[in-house]
Amino acid sequence: MSFVRACALSELEEDTPKRVELDGLPVSVVRTEGEVFAIYDICSHANVSLSEGEVEDCQIECWLHGSSFDLRTGKPSGLPATRPVPVYPVKIEGDDVLVSLTQES
């Protein structure tokens with residue numbers, strides 16, 4: 001599995017998504033509950049950035065219509081979204097957050 005550097009761990013504020021572009025792909029990197037997650041940054045219901053939404057209970061909420069997605073699985077937990085969004089493996093090396101663009105789901 002190939003990993004690319006997304007950002008520095010020190011750049012991530014708790015429960016505050018950070019949008020990054022990895023090989024032209026928009027990804028939201030989120031530090032929450034002692035872990036770091038990477039999720040495709042575009043809502044599956046409406047073409048808006050998830051990184052502009054709020055994070056709570058390991059979920060990221062789309063600011064436009066209120067759909068929430070589990071940061072671990074990408075599955076929606078509330079309407080109007082019904083399709084999951086991809087999530088990506090993350091590993092931490094020193095202060096580097098590395099993301100593999102191979103989808104976990």
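Definitions and cut-offs
- As a convention, each chain's residues are numbered from 1 in the sequence order in which they are written.
- In keeping with the model being predicted, local features are shown solely for residues with a pLDDT of at least 70 and side-chain atom pairs are shown and tallied solely at 80 or more, while totals for entire chains, interfaces and linings include all residues.
- Note: side-chain values were computed over all heavy atoms of the structure, leaving out hydrogens and water.
- The helix and strand labels rest on DSSP assignments: H or I over at least four residues marks a helix, E over at least two residues marks a strand, and numbering proceeds from the N terminus.
- Per-residue accessibility, obtained with a 1.4 Å probe over protein chains only, is compared with the maximum for each type, and a residue is labelled buried under 20%, exposed over 50%, and partly exposed between these values.
- Whether two residues are in contact is decided by their heavy atoms, any of which lying within 4.5 Å being enough.
- In short, Shrake-Rupley with a 1.4 Å probe defines the accessible areas, and a residue's cover is counted only from the protein chains shown.
- Charged residues are defined here as Lys and Arg on the positive side and Asp and Glu on the negative side; His and the ends of the chain fall outside this count.
- Here the site of a charge means atom NZ of a Lys, CZ of an Arg, CG of an Asp or CD of a Glu.
- Within this document, salt bridges are pairs made up of a side-chain nitrogen of Lys or Arg and a carboxyl oxygen of Asp or Glu, the two lying within 4 Å of each other.
- Put simply, a nonpolar core is a bunch of buried Ala, Val, Leu, Ile, Met, Phe, Trp, Tyr and Cys residues held in one set by side-chain atoms that sit within 4.5 Å of each other.
- What qualifies as a polar contact is a pair of N or O atoms within 3.5 Å, subject to a donor-acceptor requirement within protein and to the restriction that residues adjacent in sequence count only when both atoms come from side chains.
- Cysteine sulfur atoms that come within 2.5 Å of each other are treated as a disulfide pair.

Peer 1: Can you walk me through the overall build of the chain in this structure?
Peer 2: Across its full length, the chain carries zero helices and ten strands. Secondary structure elements of the chain, listed N to C terminal, follow the sequence β-β-β-β-β-β-β-β-β-β. In the chain, which comprises 105 residues, the share counted as buried stands at 47%. Long-range contacts, defined here as pairs at least 24 residues apart, represent 38% of the contacts in the chain between residues at least 6 apart. Carbon and sulfur atoms make up 44% of the accessible area of the chain, which amounts to about 5,400 Å² in all. For the chain, the separation between the mean place of its 8 positive charges and that of its 19 negative charges on side chains is 5 Å.

Peer 1: What am I meant to see in the pattern of salt bridges here?
Peer 2: Per the stated rule, a full pass over the model turns up six salt bridges. Between E21 and R19 there is a salt bridge; the shortest N-O distance is 3.0 Å. Across the pair R19 and D41 runs a salt bridge, and its minimum N-O distance is 3.0 Å. Of this pair, R19 sits in strand β2 (residues 18-22) while D41 is found in the loop between β4 (35-40) and β5 (55-56), placing the two residues 22 residues apart along the sequence.

Peer 1: Can you help me understand the nonpolar core in this one?
Peer 2: The nonpolar side chains of soluble globular proteins are, as a tendency, buried together. The biggest cluster of nonpolar side chains holds 16 residues, and the ones touching the most others in it are I39, C43, L50, I60, F69 and L71. For L71, the residues in contact, after removing those within four places along its chain, are V30, T32, F37, I39, V55, C58, Q59, I60 and V87. Core analysis: the next-biggest nonpolar cluster, separate from the first, contains 13 residues, A6, L9, L12 and A38 among them.

Peer 1: Sorry if this is basic, but what is going on with unusual backbone geometry here?
Peer 2: The phi torsion of most residues other than glycine is negative, and most of the peptide bonds are trans. In this structure, the amide linkage connecting L79 to the following residue, P80, adopts the cis form with an omega of 15°. Within the fold, P80 resides in the loop between β7 (68-70) and β8 (87-88). Its identity is not glycine, yet C58 carries a phi of approximately 60°, on the positive side. Checked against the element boundaries, C58 lands in the loop between β5 and β6 (59-61).

Peer 1: Would you take a moment to explain the side chain of D70 for this structure?
Peer 2: Its location among the elements puts D70 in strand β7. Overall, the relative accessible area of 11% leaves D70 in the buried class. At 3.4 Å, the side chain of D70 and the backbone nitrogen of T73 are in polar contact. Excluding its chain neighbours within four sequence positions, the residues that come into contact with D70 are I39, C58, Q59, K75 and V87.

Peer 1: Honestly, the state of the cysteines in this entry has me stumped. Any pointers?
Peer 2: A disulfide bridge is the covalent bond that connects two cysteines by way of their sulfur atoms. Applying the stated criterion to the full structure yields zero disulfides. The thiol of C62 is not disulfide-bonded; the next cysteine sulfur, from C43, is found 3.8 Å away. The class of C62 is buried, set by a relative accessible area of 1%.

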